[in-house]
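# A closer look at the structure
Each chain, letter by letter, is given below.
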Amino acid sequence: KDFIGTVTSVFLNVTDLGKRIGLKAIAVNLKLEELLLQSKINGVWTLTDIGKEYGVLHDTSKRKGTGTPVLQLKWKVTVLDLF
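Residues numbered from 1 in each chain as written. Predicted model: local features only at pLDDT ≥ 70, side-chain atom pairs only at ≥ 80, totals over all residues. Heavy atoms only, no water.

## Observations concerning the sheet that holds strand 5 (residues 69–76)
Worth spelling out the cut-off: Think of it this way: DSSP has to see at least two bridges between two strands before they count as a pair. By the criteria applied, helices consist of DSSP H or I runs no shorter than four residues and strands consist of E runs no shorter than two, each listed in order from the N terminus.
Strands sit in the order 1-5-4 across an open sheet of three strands; the sheet is antiparallel. The sheet is open, and its two borders are formed by strand 1 (11–12) and strand 4 (55–63), each paired with just one other strand. Sheet topology places strand 1 next to strand 5; two bridges connect them, and they run antiparallel. The residue bridging F11 from the neighbouring strand is K76, located in strand 5.

## A word on the side chain of T48
Where we set the bar: For this analysis, a polar contact is any N or O atom pair within 3.5 Å, provided that within protein one partner can donate a hydrogen and the other can accept it, and provided that sequence-adjacent residues contribute only side-chain to side-chain pairs. Note on definitions: a residue-residue contact is assigned when non-hydrogen atoms from the two residues lie within 4.5 Å.
One can find T48 in the loop between strand 3 (44–47) and strand 4. Polar contacts involving the side chain of T48 include one to the main-chain amide nitrogen of G51, which spans 3.0 Å. Residues contacting T48, with those up to four places away along its chain left out, are L36, L37, Q38 and S39.

## Observations regarding the environment of K74
Position of K74 relative to the elements: it lies in strand 5. Residues K74 and L17, spaced 57 residues apart in sequence, show a C-alpha to C-alpha distance of 9.4 Å. Not counting residues within four places of it along the chain, the set of residues in contact with K74 comprises F11, L12, N13, Y54, G55, V56 and H58.

## Considerations on the pairing of strand 4
Pairing between strand 4 and strand 5: six bridges, direction antiparallel. Pairing of D59 across the sheet is with L71, part of strand 5. In this antiparallel pair of consecutive strands, strand 4 and strand 5, the connection spans five residues, and G67 shows a positive phi of 90 degrees.

## Things to note about the packing of helix 1 (residues 14–21) against helix 2 (residues 25–34)
We apply this condition: Note on method: axes are straight lines fitted to C-alpha atoms, helices fitted across the in-contact stretch only, with angles between N-to-C directions ranging 0 to 180 degrees. Roughly parallel means an angle under 35 degrees; roughly antiparallel, over 145; roughly perpendicular, 65 to 115; everything else is oblique. Under the scheme applied here, ten amino acids are nonpolar (Ala, Val, Leu, Ile, Met, Phe, Trp, Tyr, Cys and Pro), four are charged (Asp, Glu, Lys and Arg), and all others, including Gly, are polar.
Closest axis-to-axis distance for the helix 1/helix 2 pair is 8 Å, and the angle between their directions is 100 degrees. With respect to their mutual orientation, helix 1 and helix 2 come out roughly perpendicular. Facing V14, T15, L17 and G18 of helix 1, the residues of helix 2 in contact are A25, V28, N29 and L32. Partitioning the contact of helix 1 with helix 2 into residue classes produces five nonpolar, three polar and no charged.

## Some details on the confidence of the model for the protein
For clarity, the threshold we go by: The quantity called pLDDT is the predictor's confidence in a given residue, expressed from 0 to 100.
On average, residues of the protein score 86 in pLDDT, and 89% of them are at 70 or above. When mean pLDDT is taken per element in the protein, helix 2 scores highest with 97 and strand 4 scores lowest with 84. Ignoring residues within four places in sequence, the model shows residues 1–8, a span with pLDDT below 50, making four contacts including any to other chains.

Listed below in C-alpha cells is the structure:
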C-alpha cells in the first residue's frame with residue numbers, strides 16, 4: 001500500500017509469472033511476444049504500445065559496465081488473463 005492507503009499495483013518478472021501458471025520464463029516471454037505485448041529489439045525485450053497497458057520498464061538500480069542502467073520488464077499479474 002502507498003502512504004494514502006490505496007493498494008499499489010504489483011509487477012512481476014516473467015519467472016514469477018511462469019511459476020503461477022507452470023511455465024518457464026522462456027515460454028512466458030514467447031507468449032508475451034505472440035500476444036504483441038513485447039518485442040525483441042537488438043536482443044532486448046521491449047514493451048510494445050499494447051504492452052504498456054500491462055507492463056512497465058523497471059530500473060533495477062544496477063548499472064552495466066558502461067554506466068547504463070539495467071532495466072527489466074515487469075508485468076501486472078492480470079496479464080495472465082490473456083494466456
